Amino acid sequence: MGRWQSDKQYIGLMSNPPWRWFSNRLPSTCQVCDCWPAQAICPACADRFAAPQRGCRVCALPLALGLAGADVCGRCQTRTGPALLRACVAAVDYAYPWDTLIARFKFRDEPGWAGPMAALLLKNPQTVALWQQCDVVAPVPLTTERLASRGYNQAWELVKALRRAMPAETAHDKTLADALLRIGEVPNQHSLTREQRLRNLQGVFVAHPFRSAEIANAQVLLVDDVSTTGATLHSAAHALLQAGAQTVQALVFARTPAH
């Protein structure tokens with residue numbers, strides 16, 4: 001028991017070093033409204049632009065106000081074929097101001113945004129519930145070429161930030177950076193429909209062969225920064241289920257609203 005407690009304390013210290021605690025509490029300006037002093041996202045902007053809303057349990061799209069008591073949107077109810085994701089939770093809509101901050105997170109060498117984004121995800125109690133229920137937490141991977149050019153995988157940075165911020169009772173580490181491999185890049189998909197994206201992503205993800213024992217019969221939690229149509233999460237979940245995962249659920253920081 002003593003060895004286990006000391007190991008937990010060591011893991012906690014390594015994932016939450018004193019310098020991070022101190023730096024996270026230094027005042028600066030809010031990156032949305034320029035308010036001073038504030039953290040990266042001030043409470044007023046978080047309340048205004050990240051107010052909790054009821055989302056579809058399967059795809060995380062906001063539910064219509066008239067659907068009292070419903071937890072699945074009409075599109076998911078009428079979609080043919082099995083739902084590979086059992087649940088999906090998102091913190092915000094992919095819209096102002098989050099689209100700009102996500103671009104800085106992904107493309108402008110600012111991985112520190114993982115912390116504020118994880119904090120907004122944790123405002124939804126379902127985030128902690130999904131983390132507690134799972135056996136494995138896996139980021140959606142980048143290709144080796146994209147990872148080499150960017151220097152980090154934003155989904156993995158978000159996983160690490162969530163792990164640091166989780167309550168103490170869920171602090172045991174079940175994260176696997178390499179649970180999935182991305183073995184091919186796809187063309188720009190911004191203008192494609194969900195069905196076209198799914199076709200593009202067929203065979204792009206595979207489970208890591210060295211992680212088969214940890215994935216088999218596991219409840220896996222997928223993490224990504226953005227879900228546009230759900231095609232990437234769908235394809236990644238398909239690879240995990242083929243590798244023997246029992247269930248796959250997902251956390252994303254932002255979900256693109258339905259048109």
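Criteria and cut-off values
- Residues numbered from 1 in each chain as written.
- Predicted model: local features only at pLDDT ≥ 70, side-chain atom pairs only at ≥ 80, totals over all residues.
- Heavy atoms only, no water.
- Helix = DSSP H or I, 4+ residues; strand = E, 2+ residues; numbered from the N terminus.
- Buried < 20%, exposed > 50% of the residue type's maximum accessible area, 1.4 Å probe, protein only.
- Contact = heavy atoms within 4.5 Å.
- Areas by Shrake-Rupley, 256 points an atom, 1.4 Å probe, with all protein chains shown as cover.
- Core = buried A, V, L, I, M, F, W, Y, C linked by side-chain atoms within 4.5 Å.
- Pairing = 2+ DSSP bridges.
- Axes fitted to C-alpha atoms, helices over the stretch in contact; angles between N-to-C directions.
- Phe/Tyr/Trp six-rings, centres within 6.5 Å; stacked < 30°, edge-to-face > 60°.

## Re the overall build of the protein chain
Turning to step 1, where the next piece is worked out: Counting its regular elements, the protein chain contains 12 helices and 6 strands.
Turning to step 2, where the next piece is worked out: Relative to its 259 residues, the protein chain shows a buried fraction of 45%.
Turning to step 3, where the next piece is worked out: Considering only residue pairs separated by 6 or more positions, the protein chain has 70% of its internal contacts joining residues 24 or more positions apart.
Turning to step 4, where the next piece is worked out: As presented, the protein chain carries roughly 13,800 Å² of accessible surface, and 55% of it is formed by carbon and sulfur atoms.

## Structural notes on the nonpolar core
Turning to step 1, where the next piece is worked out: Counting 39 residues, the largest nonpolar core has Trp-98, Leu-162 and Phe-253 as the members making the most contacts within it.
Turning to step 2, where the next piece is worked out: When contributions to this core are tallied by element, the ones reaching two or more residues are helix H3 (43–49), strand S1 (87–93), helix H5 (98–107), helix H6 (114–121), helix H7 (125–133), helix H9 (154–165), strand S5 (219–227) and strand S6 (247–255).
Turning to step 3, where the next piece is worked out: The contact partners of Trp-98, leaving out residues within four places of it in the chain, are Ile-41, Phe-49, Ala-50, Val-92, Asp-93, Leu-120 and Phe-253.
Turning to step 4, where the next piece is worked out: In this structure, Ala-138, Ala-207, Leu-233 and Val-252 belong to the second largest nonpolar core, which totals 27 residues.

## Section: the sheet that holds strand S2 (residues 136–139)
Turning to step 1, where the next piece is worked out: Spatially, the 4 strands line up as an open sheet ordered S1-S6-S5-S2, and their pairing is parallel. Two strands close off the open sheet at either side, each with one partner strand: S1 and S2. Across the sheet, the mean angle from the axis of one strand to that of its neighbour is 20 degrees, orientation sign disregarded.
Turning to step 2, where the next piece is worked out: Relative to S6, S5 is paired through 8 bridges, and the arrangement is parallel. By the bridge assignment for S6, Asp-224 is matched with Val-252.

## Comments concerning the environment of Arg-86
Turning to step 1, where the next piece is worked out: Here Arg-86 lies in the loop between helix H4 (74–78) and S1.
Turning to step 2, where the next piece is worked out: Measuring from C-alpha to C-alpha, the distance between Arg-86 and Ala-250 comes to 8.2 Å, with 164 residues separating the pair along the chain.

## With respect to the environment of Leu-221
Turning to step 1, where the next piece is worked out: Locating Leu-221 in the fold gives a position in strand S5.
Turning to step 2, where the next piece is worked out: Sequence separation of Leu-221 and Ala-250 is 29 residues, and the distance between their C-alpha atoms is 5.3 Å.

## Overview of the packing of aromatic side chains
Turning to step 1, where the next piece is worked out: Throughout the structure, instances matching the rule amount to 2 aromatic pairs.
Turning to step 2, where the next piece is worked out: Considering the side-chain rings of Phe-49 and Tyr-96, the 5.6 Å spacing of their centres and the 85 degrees angle between planes classify their relative orientation as edge-to-face. One end of the pair, Phe-49, is in helix H3; the other, Tyr-96, is in the loop between S1 and H5, and 47 residues separate them in sequence.
Turning to step 3, where the next piece is worked out: We classify Tyr-96 as exposed; its relative accessible area is 54%.
Turning to step 4, where the next piece is worked out: Between Trp-98 and Phe-253 the ring centres are 5.8 Å apart and the planes differ by 85 degrees, which places this aromatic pair in the edge-to-face class.

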